[in-house]
Amino acid sequence: MSIQRQFPKLGELRELLQFKKPELNATKRRLAQALTVDDLRLIAKRRTPKAAFDYTDGSAEGEISYRRARQAFEDIEFHPEILKPAPEIDTSVEVLGGHSALPFGLAPTGFARMMQTEGEIAGAGAAGAAGIPFSLSTLGTVSIEEVKATNPQGRNWFQLYLMKDRDISYGLVERAAAAGFDTLLFTVDTPIAGNRMRDTRNGFSIPPQLTAKTVIDALPRTSWWFNFLTTQRLEFASLSNTGGTVSDLITAAFDPTISAADLATVREMWPGKIVVKGIQTLADAQRMVDAGVDGIVLSNHGGRQLDRAPVPFHLLPEVAREVGDHTTILVDTGVMNGADVVAAHAVGADFVLVGRAWLYGLMAGGRAGVDRMIAILESEIRRTMGLLGVSNVAELHPKHVTQLMRLAPRDVLGRVSDFRV
């Protein structure tokens, strides 16, 4: 039977010829092309000087810890339940005495204005608009009070490094409490600086120095340098020492003798929830529960401290089984997709913190880029939950996820140990 052909009808051609109105705003046009956090990362890399981008993107030594953390999330097998419709998906959770519209928040990250001039203001504003917590680092480049002014009705958390000069740290605790921050993240994994080799190779310093190398690197990134040179001086909002490398700063300011007694002192000072950040073993998780803290963050500092440290996502199921009924468990490191967030909740996390991902958004497009990152993760979370047949975060359980193991622990005799999931 031959195909019958005809001349196209003008009315039918009109339906096919749909011309999209061009987007004249360059930032919106750029961000609209980003469908994943990896897309935002690539945009960020094009727009940010190498030293600043690598500070965010890199980790310690051979960067093994971070690669393993990412691999752990990629080695997930989901188990969807069929004929179990989830027409309405509720992504909200209650965590540390308050509400979050999404099951993740923005992790504390230092030097955010180094990445893009809006810095922590963009993060706090985007988190407030999304109804999720924002965490300000001790090494933040805007003040506690500025974050509060930006996000007056939202949930603000403060991450504390303990300084050799205890009065500095205690003063920050008092200021965060006075500003209404509801949670303190007491960080314990940075007694000394990790060996972040990208920073050394790039000559990364605070503030960045103009050298022949940085000038050449700046040529295709004029907007970053224009913002850097025409806005407020880049410095730490909470510290007076801003010169030198990150390692220099940590060595000069941080206290390697931090102890349980210091935690007890800060606990007495702080009126809100206190969470210990940097837990990397079950034994330490149990110790912190015994110490009476409100929560723990399973974290190896994004792989930026001790290379070959435990992978938080691998540690999570065991910690959840042993202490999950007695404390709030948060997890970070390597979270780049909404499916990662879903998997973490399924195997025992009460909340997830996202660090690099929001900085990629910041570098890609300022506040609009952070908004875009949050929207991407939210859509991935909703889609993953819907495909699993799960209507709310509380319905996520270990049965929904298998962690496929590439690395199996061995005992002292070299025998493969049983790895419980």
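Residues numbered from 1 in each chain as written. Predicted model: local features only at pLDDT ≥ 70, side-chain atom pairs only at ≥ 80, totals over all residues. Heavy atoms only, no water.

**So, the overall build of the chain**
Turning to step 1, where the next piece is worked out: Per the secondary structure count, the chain includes 18 helices and 12 strands.
Turning to step 2, where the next piece is worked out: Rg of the C-alpha trace for the chain: 23 Å, near the compact-globule value of 22 Å for 421 residues, within the 12% margin.
Turning to step 3, where the next piece is worked out: Overall, the C-alpha framework of the chain stretches about 85 × 55 × 45 Å when taken along its three principal axes.
Turning to step 4, where the next piece is worked out: The buried share of the chain, taken over its 421 residues, is 52%. (Helix = DSSP H or I, 4+ residues; strand = E, 2+ residues; numbered from the N terminus. Rg over C-alpha atoms; globule rule 2.2 N^0.38 Å. Buried < 20%, exposed > 50% of the residue type's maximum accessible area, 1.4 Å probe, protein only.)

**Focus on the pattern of salt bridges**
Pairing of side chains with opposite charge becomes possible as their charged atoms draw close.
Turning to step 1, where the next piece is worked out: Throughout the structure, instances matching the rule amount to 19 salt bridges.
Turning to step 2, where the next piece is worked out: For the salt bridge of R382 with E378, the shortest nitrogen-to-oxygen distance reads 3.1 Å. Of this pair, R382 and E378 are both found in helix α18 (residues 356-388), 4 residues apart, which corresponds to roughly one turn of the helix.
Turning to step 3, where the next piece is worked out: Relative accessible area serves as the criterion here: at 33%, R382 is assigned to the partly exposed category.
Turning to step 4, where the next piece is worked out: For E378, a relative accessible area of 26% puts it in the partly exposed group.
Turning to step 5, where the next piece is worked out: Members of the salt-bridge network, linked through shared partners, are R41, K50, D54, D57, E63 and R198. (Salt bridge = Lys/Arg side-chain N within 4 Å of Asp/Glu carboxyl O.)

**A few points about the side chain of R113**
Turning to step 1, where the next piece is worked out: Here R113 is to be found in helix α6 (residues 112-115).
Turning to step 2, where the next piece is worked out: Buried within the structure, R113 lacks any salt-bridge partner; its nearest side chain of opposite charge belongs to E120, at an N-O separation of 6.2 Å.
Turning to step 3, where the next piece is worked out: A polar contact of 2.7 Å, which involves the side chain of R113, links it to the backbone oxygen of Q232.
Turning to step 4, where the next piece is worked out: Here R113 is in contact with E118, G119, E120, T141, V142, T231, Q232, R233, L234 and E235, once residues within four sequence places are set aside. (Lys, Arg positive; Asp, Glu negative; His and termini not counted. Polar contact = N/O pair within 3.5 Å; in protein donor to acceptor, adjacent residues only side chain to side chain. Contact = heavy atoms within 4.5 Å.)

**Thoughts on the packing of aromatic side chains**
Turning to step 1, where the next piece is worked out: For the structure shown, the criterion picks out 7 aromatic pairs.
Turning to step 2, where the next piece is worked out: Note that R304 overlies the ring of Y55, its terminal NZ or CZ placed 4.4 Å from the centroid. (Phe/Tyr/Trp six-rings, centres within 6.5 Å; stacked < 30°, edge-to-face > 60°. Lys NZ or Arg CZ within 6 Å of the ring centre and 35° of its normal.)

**Examining the nonpolar core**
Turning to step 1, where the next piece is worked out: In terms of nonpolar packing, the biggest core is built from 121 residues, with F104 and M373 touching the most fellow members.
Turning to step 2, where the next piece is worked out: Considering each element in turn, this core owes the most residues, 15 residues, to α18.
Turning to step 3, where the next piece is worked out: Not counting residues up to four positions away in its chain, the partners in contact with F104 are I132, P133, V341, F351, V352, V354, I374, L377 and I381. (Core = buried A, V, L, I, M, F, W, Y, C linked by side-chain atoms within 4.5 Å.)

**As for unusual backbone geometry**
The general pattern is negative phi for most residues beyond glycine and trans for most peptide bonds.
Turning to step 1, where the next piece is worked out: For E63, which is not glycine, the phi dihedral falls at a positive 60 degrees.
Turning to step 2, where the next piece is worked out: Take E63: it is sitting in the loop between α4 (50-57) and α5 (64-74).
Turning to step 3, where the next piece is worked out: Classification of E63 by relative accessible area gives buried; the value is 16%.
Turning to step 4, where the next piece is worked out: A positive phi angle, close to 65 degrees, is found at R308, a residue other than glycine.
Turning to step 5, where the next piece is worked out: Looking at the secondary structure, you find R308 in the loop between β9 (295-298) and α16 (312-323).

**Structural notes on the environment of M373**
Turning to step 1, where the next piece is worked out: For M373, the position within the fold is in helix α18.
Turning to step 2, where the next piece is worked out: Each C-alpha atom, one on M373 and one on P49, is 21 Å from the other, the two residues being 324 residues apart in sequence.
Turning to step 3, where the next piece is worked out: Sequence-distant contacts of M373, that is, excluding residues within four places in its chain, are made with V37, L40, L106, V354, A357 and W358.

**Thoughts on the UniProt feature "binding site: glyoxylate" (unreviewed entry) in the chain**
Turning to step 1, where the next piece is worked out: Using the residue numbers shown here, the UniProt feature "binding site: glyoxylate" (unreviewed entry) corresponds to Y55, Y161, R196, H301 and R304.
Turning to step 2, where the next piece is worked out: Every residue in contact with H301, bar those within four places of it in the chain, is listed here: Y161, T187, D189, T190, R196 and T333.
Turning to step 3, where the next piece is worked out: Of note is the side chain of H301, whose polar atom sits 2.9 Å from the side chain of D189.
Turning to step 4, where the next piece is worked out: With respect to the helices, strands and loops of the structure, R304 is situated in the loop between β9 and α16.
Turning to step 5, where the next piece is worked out: Setting aside its immediate chain neighbours within four residues, R304 contacts Y55, T56, G58, S59, A60, G194, R196 and R356. (UniProt positions renumbered as here; feature names shortened; annotations may be inferred.)

**As for a nonpolar patch on the surface**
Turning to step 1, where the next piece is worked out: A cluster of nonpolar side chains, contributed by L16, L17 and F19, occupies part of the molecular surface with about 420 Å² of accessible area.
Turning to step 2, where the next piece is worked out: Looking at where L17 falls in the secondary structure, it is placed in the loop between α1 (10-16) and α2 (26-32).
Turning to step 3, where the next piece is worked out: Given a relative accessible area of 52%, L17 falls into the exposed group. (Patch = residues over 30% accessible without salt bridge, like charges linked within 9 Å, V, L, I, M, F, W, Y side chains within 5 Å. Areas by Shrake-Rupley, 256 points an atom, 1.4 Å probe, with all protein chains shown as cover.)

**Quick look at the side chain of R221**
Turning to step 1, where the next piece is worked out: Along the chain, R221 falls in the loop between α11 (212-218) and α12 (222-230).
Turning to step 2, where the next piece is worked out: Using a relative accessible area of 16% as the deciding quantity, one classes R221 as buried.
Turning to step 3, where the next piece is worked out: Looking at R221, its side chain comes within polar contact range of the main-chain oxygen of R46, at 3.4 Å.
Turning to step 4, where the next piece is worked out: Each residue touching R221, except ones within four places of it in the same chain, is listed here: K45, R46, R47, T48 and P49.

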